[in-house]
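Structure at a glance
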Amino acid sequence: MTKLHTCYVCNKQFLNAIYWYDSLFDTKYDKRIIRPFCGPPCANKYREISDVNDYPQRRPLPRGEQWQIITDINSIDYKTD
Ligand SMILES: [Zn+2]
């Protein structure tokens, strides 16, 4: 399955996402958000431009349908913003 992602930082469309932000791991959002990045430069830039690192890690990880561990975003439908 080839899924087209849109980079959250530069808006480029690309295939085979390896890097993404997942709101599972911090307490900023109370819903699941995935933000794909086209590569390491945009993933790094995201850490600079966003404030998500200022929020504590979510512990314990929440349970439920929308909080399943995601290991690959290329074969699933995800919500972004
Ligand atoms: Zn990008």
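The structure reproduced in this document is the subject of the present report. This one's a predicted model, so the numbers in the text were calculated from it and none came from an experiment.

**Some points on the nonpolar core**
- Residues Tyr21, Tyr29, Ile34, Phe37, Tyr46, Val52 and Ile73 are the most contacted members of the largest nonpolar core, which totals 15 residues.
- For this core, the secondary structure elements donating two or more residues are strand 4 (34-37) and helix 1 (40-49).
- At 3 residues, helix 1 tops the list of elements feeding residues into this core.
- Each residue touching phenylalanine 37, except ones within four places of it in the same chain, is listed here: Cys7, Tyr8, Val9, Phe14, Tyr19, Trp20, Tyr21, Cys42, Ala43 and Tyr46.

**So, the coordination of the zinc ion**
- For the zinc ion, every protein donor is listed as Cys7 (SG), Cys10 (SG), Cys38 (SG) and Cys42 (SG), and the spread of their distances is 2.3 Å.
- For the zinc ion, the 4 donor atoms in the first shell make angles of 106 to 116 degrees at the metal, a pattern classed as tetrahedral.
- Spacing between the donor residues of the zinc ion along their common chain follows C-x2-C-x27-C-x3-C. Separated by 31 residues along the polypeptide, cysteine 7 in the loop between strand 1 (5-6) and strand 2 (13-14) and cysteine 38 in the loop between strand 4 and helix 1 bring together distant segments of the chain.
- Relative accessible area serves as the criterion here: at 1%, cysteine 7 is assigned to the buried category.
- For cysteine 38, a relative accessible area of 28% puts it in the partly exposed group.

**Thoughts on the layout of surface pockets**
- Of the voids in this model, the largest pocket is the one considered here, and its volume is about 290 Å³.
- Contributing to the lining of the largest pocket are 14 residues, with Tyr21, Tyr46, Arg47, Val52 and Asn53 lying nearest its centre.
- Sorting the residues of the lining of the largest pocket by element identifies strand 3 (19-22) and helix 1 as the ones contributing at least two each.
- Residue composition of the lining of the largest pocket, grouped by class: 9 nonpolar, 2 polar and 3 charged.
- Approximately 200 Å³ is the volume attributed to the second largest pocket.

Thresholds applied
Residues numbered from 1 in each chain as written. Predicted model: local features only at pLDDT ≥ 70, side-chain atom pairs only at ≥ 80, totals over all residues. Heavy atoms only, no water. Core = buried A, V, L, I, M, F, W, Y, C linked by side-chain atoms within 4.5 Å. Buried < 20%, exposed > 50% of the residue type's maximum accessible area, 1.4 Å probe, protein only. Helix = DSSP H or I, 4+ residues; strand = E, 2+ residues; numbered from the N terminus. Contact = heavy atoms within 4.5 Å. Donors = N, O, S within 2.8 Å, 3.2 Å for Na, K, Ca; no water. Tetrahedral: all angles 85-135°; square planar, octahedral: opposite > 155°, others 65-115°. 1 Å grid on protein atoms, 1.4 Å probe; cavity = no way out; pocket = protein on both sides within 12 Å on 5 of 7 lines; lining within 4 Å. Points joined across faces, edges and corners; volume = space filled by probe spheres on them. Nonpolar A, V, L, I, M, F, W, Y, C, P; charged D, E, K, R; others polar.

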